[in-house]
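Descriptive structure summary
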There are 2 protein chains.
Amino acid sequence: MTEWTAPGALMRREIAEQPDRWLDLLADRRAVDEAGRFTAELRAAGRLTGLVFAARGSSDHASIYGQYLAQWLLGVPAAMATPSMATVYGRHVHDPKSCLVAVSQSGASPDLLATVESARTSGSPTIAFTNDPDSPLARAADLHVPLAAGPERSVAATKTYTAELLALHLWLRAAAGEPSSLVDEEIFALAERGREVVRRSAELAPGLAERLVGAERAVLIGRAFGAATAREGALKLMETSSIAASGWSAADVKHGPLAAVTPGTPVFCFLGERAGRESVEALLPGLRARRADVTVVGVDAARPGLAGILPADVPDALLPVLSIVPLQSLALELSVRKGFDPDRPEGLTKVTHTT
Amino acid sequence: MTEWTAPGALMRREIAEQPDRWLDLLADRRAVDEAGRFTAELRAAGRLTGLVFAARGSSDHASIYGQYLAQWLLGVPAAMATPSMATVYGRHVHDPKSCLVAVSQSGASPDLLATVESARTSGSPTIAFTNDPDSPLARAADLHVPLAAGPERSVAATKTYTAELLALHLWLRAAAGEPSSLVDEEIFALAERGREVVRRSAELAPGLAERLVGAERAVLIGRAFGAATAREGALKLMETSSIAASGWSAADVKHGPLAAVTPGTPVFCFLGERAGRESVEALLPGLRARRADVTVVGVDAARPGLAGILPADVPDALLPVLSIVPLQSLALELSVRKGFDPDRPEGLTKVTHTT
């Protein structure tokens, strides 16, 4: 890339275009429907005892969402792979009745490719979700679902993350046998709501960034689906703004992370989803007692700022597509204020070559 | 507990006694051998297509070790459970041919109990590893393996963590059909080596703590087995010393965590195990270019300090029992220097009541 762009211009554009890219995913349903049929047939034939996701970074967080959604919708166990079994130990540990699902923006990570090949060696069916239909991962898997997000030029993943969430969502709803017309209605509404969340996030982020510009650390907390958002939000703050941020399931916060909340530590609590909300809420008194700088990201329209930024009428299972957006905008604004360029963060490469 | 103790006295004693507690585990092998036979029989009958671990906090890190070791020794997939499927969503998602392994010091966490009960509802065999044979978890599972660590009175888990590693190790070696006499020989040698690691750690920790006392953040990096050590070491620094520490698999470091390494950031690289070592080593030039304060924890006897603290003749699969010890000592010394009491860290309770 040789053209000159203002710091964060690419990331800003890619955050803003997300709702359009979600509609692009709907525009060509062939791959996602085929993957849905494939999975439904395995399940109907008693040949789907589980799903295993293989991913790194943001795609790993999208896979946490996929893991919860798969278990909820299909009632089969879903887990995360350990790619080093294949790459470090040379062991093929796959149940042939378990479907290996690789999720990767680039589709080029060698360790994910090795994991897909290892699963195939064991006779497991494989599906890849990538943004590049010509990538090694797309070619190696039995089925490929394109993310249809268009080229992502900022190094920090934004639109490919929400495209991954949505592609996994469409696939799993199809696998559960839900009619695509019903699902499509929900996604059209989601994109509408998404435009509003994008607009409000862009409005609120500069003020929030101003408040957080001196922060050394941050803690983000969600539960179940929201734990994926907490982890992805922390990664955005880390990679764009060099903040020592960490994202947690509310269930793990009392095991250590709470002790890292010092007076003034910014803490983001994701309270959008109904399921699991009370376990995040239960932490609020303790966080306030530690004098944390608590920001709630939620659906309470009566409250100002991020506490009311999420629409109350979006189903739990789609809310993660929206709840990450305010953190994307915040990460962008913080990065620019700190004199970094979030389009070219130090130390981050788009394709990770782990071997 | 009403007796007065100097800050950290309990933690110091519990770190020091670890090698003796490992030998206690060997002294009564009945439960671990029974669990090994049970698992071997399931496997021989084709009724073990996987293992699923359920745990929180330090026990979750011990389970990461168990996950790798199980896959390596038994060649079956092993994964981490999502307890919120049972507690938040009320879904029972267990493959009846998968064995649910709950690991918990107290054996009293309600969400782990709910996960064991959910697995039993699905017809899955269950094994619990706890330090309390009378705990609800011990009673709920088909089999119980006691950790034999004695009462842990410091709030920061040390001896129960290494007891969990070792109990999982003994169980999995038995499940793999290895003769206990051979394994016991290795553990006797491990305890001998352990005494030396405990002694050297206690010697080196005060100087290291002096150097790190002003650190806001820390990053810990390992691979495979070493990733468990990195996560557990980070938790110790968080809970005892309020440091914004995070532990990573080397495979994930380029996805964000590297950007959180600012000049002077303490970074611990675990280089003990042969398998995966090169993927940690490959990060060293980048870390040094970012002017990180890198400490290698390794087996290079020619080098001073922690770089040579680990014995070179201990097998990879037992090294995590030793490699956490220097971090336990460092966490203790840092905590005391910062004016905290690691035996009673703020915000941490011994039994976590997640619902």
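The numbers attached to residues start from 1 for each chain and follow its sequence in the written order. Key to labels: chains lettered from A, ligands numbered from 1, both in the order written. Since the coordinates come from a predicted model, pLDDT governs what is reported: local features require at least 70, and pairs of side-chain atoms require 80 or more to be given and counted, while whole-chain, interface and lining totals use all residues. Only heavy atoms go into the side-chain values, all of them from the structure, while hydrogens and water stay out.

This part takes up the overall build of chain A. Secondary structure assignment for chain A yields 14 helices and 9 strands. Only C-alpha atoms enter the radius of gyration, while the globule expectation follows 2.2 Å times N to the 0.38, with N the number of residues. Against the 2.2 N^0.38 benchmark of 20 Å for 355 residues, chain A shows a C-alpha radius of gyration of 20 Å, consistent with a compact globule. Its C-alpha atoms put chain A at 55 × 45 × 40 Å along the principal axes. For every residue, the accessible area obtained with a 1.4 Å probe (protein chains only) is divided by the maximum for its type, and the residue is called buried under 20%, exposed over 50%, and partly exposed between those limits. Looking at the 355 residues of chain A, the share that counts as buried comes to 64%. For this analysis, residues touch if any pair of their heavy atoms sits within 4.5 Å. Put simply, 77% of the contacts in chain A that link residues at least 6 apart link residues at least 24 apart. Only the protein chains shown count as cover for residues, with accessible areas throughout obtained via the Shrake-Rupley method and a probe of 1.4 Å. Accessible surface, chain A: about 11,700 Å² in total, of which carbon and sulfur atoms supply 53%. Computed over 36 positive and 41 negative side-chain charges, the separation of the two mean positions in chain A equals 4 Å. The secondary structure listing takes helices from DSSP runs of H or I that are at least 4 residues long and strands from runs of E that are at least 2 residues long, numbered from the N terminus. In this tally Asp and Glu are treated as negative and Lys and Arg as positive; neither His nor the chain ends contributes. All charge positions are set by atom: Lys at NZ, Arg at CZ, Asp at CG, Glu at CD.

To continue, consider helix α6 (residues 110-121) of chain B. All names here are of chain B. Counted at 1.5 Å a residue, the expected span for α6 with its 12 residues is 16 Å, and the 16 Å between its end C-alpha atoms agrees. Buried within α6 are the following residues: Asp111, Leu112, Thr115, Val116, Ser118 and Ala119. On an axial view of α6, the arc spanned by its buried residues comes to 160°, and they lie on one face. Of the residues flanking the end of α6, it is Gly123, one or two places downstream, whose phi is positive at about 85°. How far a helix is expected to stretch is found by multiplying one less than its residue total by 1.5 Å. Summarising the geometry, the arc corresponds to the directions from the helix axis toward the C-beta atoms.

Let us now look at the side chain of Ser63(A). All names here are of chain A. Position of Ser63 among the secondary structure elements: in helix α4 (residues 57-74). Of the polar contacts made by the side chain of Ser63, one reaches the backbone oxygen of Ser59; its length is 2.8 Å. Leaving out residues up to four positions away in the same chain, Ser63 has contacts with Phe53, Ala55, Met80, Val103 and Leu168. Polar contacts, as used here, are pairs of N or O atoms within 3.5 Å; protein pairs need one atom able to donate a hydrogen and one able to accept it. Residues neighboring in sequence count only if both atoms are side-chain atoms.

Residue and element names in this part refer to chain A. Each domain's limits were defined by an automated method or a database of domain assignments. Partitioning chain A into domains gives domain 1 (9-178) and domain 2 (196-337). Using C-alpha coordinates to define each centre, domain 1 is positioned 25 Å away from domain 2. On the domain 2 side, the residues contacting the 23 residues of domain 1 number 23 residues. Put simply, buried area is the surface a 1.4 Å probe can reach on two separate parts but cannot reach once they are joined, added for both. With both chains or domains summed, domain 1 and domain 2 bury close to 2,000 Å², and 74% of this area falls on carbon and sulfur atoms. Just to be clear on terms, a salt bridge is a Lys or Arg side-chain nitrogen sitting within 4 Å of an Asp or Glu carboxyl oxygen. Counting across the domain 1 and domain 2 interface gives 1 salt bridge. In this structure, the salt-bridge partner of Arg12 is Glu333, at a minimum N-O distance of 2.9 Å. Counting across the interface, domain 1 meets domain 2 through 8 residue pairs in polar contact (both at pLDDT 80 or more). Secondary structure elements with two or more residues in the side of domain 1 that touches domain 2: α1 (9-16), α2 (18-27), α4 and α8 (159-175).

Turning to the interface of chain A and chain B, a few remarks are in order. Chain A puts 57 residues into the contact, and the matching count from chain B is 57 residues. Taken together, the two surfaces of chain A and chain B that pack against each other cover about 5,100 Å², and 55% of this comes from carbon and sulfur. On the chain A side of the interface with chain B, the three residues burying the most area are Trp72(A), Tyr89(A) and His255(A), jointly 13% of the side's total. Taken together, the links from chain A to chain B amount to 4 salt bridges. Arg56(A) is the salt-bridge partner of Asp252(B), the closest N and O atoms lying 3.6 Å from each other. If you look at where chain A meets chain B, you find 11 residue pairs in polar contact (both at pLDDT 80 or more).

All names here are of chain B. Axis separation between helix α9 (residues 180-212) and helix α14 (residues 325-337) bottoms out at 8 Å; the angle between their running directions is 45°. By the criterion of interaxial angle, the relationship of α9 to α14 is oblique. Note on packing geometry: the crossing formed by α9 with α14 is right-handed. Along the contact surface, α9 presents Val197, Val198, Ser201, Ala202, Ala205, Pro206, Leu208, Ala209, Glu210 and Leu212, while α14 presents Val325, Pro326, Ser329, Leu330, Glu333, Leu334 and Arg337. We call Asp, Glu, Lys and Arg charged. Ala, Val, Leu, Ile, Met, Phe, Trp, Tyr, Cys and Pro are nonpolar, and the rest, Gly among them, are polar. Taken together, the residues of the contact of α9 with α14 sort by class into 12 nonpolar, 2 polar and 3 charged. A fitted line through C-alpha atoms serves as each axis, taken over the contacting stretch for helices, and the angle formed by two N-to-C directions is quoted from 0 to 180°. Note on terminology: angles under 35 degrees are roughly parallel, angles over 145 are roughly antiparallel, angles of 65 to 115 are roughly perpendicular, and the others are oblique. Handedness of each helix crossing follows the sense of rotation of the near helix against the far helix: counterclockwise by less than a right angle gives left-handed, clockwise gives right-handed.

One non-glycine residue, Ala224(A), lies in the positive phi region at around 55°. Here Ala224(A) is to be found in the loop between β6 (217-222) and α10 (225-241). For Ala224(A), a relative accessible area of 1% puts it in the buried group. Its identity is not glycine, yet Arg291(B) carries a phi of approximately 60°, on the positive side.

Between the two copies of the chain lies a relationship made up of a rotation around an axis and a movement along it. The superposition of copies rests on a least-squares fit of C-alpha positions from residues with pLDDT of 70 or more in both. Mapping chain A onto chain B calls for a rotation angle of 180° and an axial translation of 0.0 Å; the resulting RMSD is 0.0 Å. Look at the turn and shift together and you get a two-fold axis relating the two. With an isologous cut-off of 70% or more, the 100% of interface residues of chain A that recur at the interface of chain B puts this contact in the isologous class.

Next up on the list: the sheet that holds strand β7 (residues 244-249) of chain B. Working definition: the strands of a sheet are paired by backbone hydrogen bonds and lie parallel or antiparallel to each other. Residue and element names in this part refer to chain B. Only strands that DSSP links by at least two bridges are regarded as paired with each other. Spatial strand order, β7-β6-β8-β9: 4 strands in an open sheet with parallel pairing. In this open sheet, the two edge strands, each paired with only one partner strand, are β7 and β9 (293-297). Adjacent strand axes in the sheet meet at a mean angle of 20° when their direction is disregarded. Sheet analysis places strand β8 (residues 266-270) next to β9, joined by 5 bridges and oriented parallel. Each residue of the ladder has a partner; that of Pro266, found in β9, is Asp293.

Residues and elements named next belong to chain B. Topologically, Pro257 is positioned in the loop between β7 and β8. Overall, the relative accessible area of 2% leaves Pro257 in the buried class. Residues Pro257 and Val219, spaced 38 residues apart in sequence, show a C-alpha to C-alpha distance of 7.8 Å.

A few words now on the pattern of salt bridges. Residue and element names in this part refer to chain A. Enumeration according to the criterion identifies 52 salt bridges over all chains in this entry. The residue Arg29 makes a salt bridge to Asp184 at a minimum N-O spacing of 2.8 Å. Of this pair, Arg29 sits in the loop between α2 and α3 (30-44) while Asp184 sits in helix α9 (residues 180-212); the two residues are 155 residues apart in sequence, bridging distant segments of the chain. According to the relative accessible area criterion, Arg29 is buried, its value standing at 10%. Among the ionic pairs, Arg56 bridges to Asp111, the shortest N-O distance being 2.7 Å. Highlighted residues: Arg56 in the loop between β1 (50-54) and α4 and Asp111 in helix α6 (residues 110-121), separated in sequence by 55 residues.

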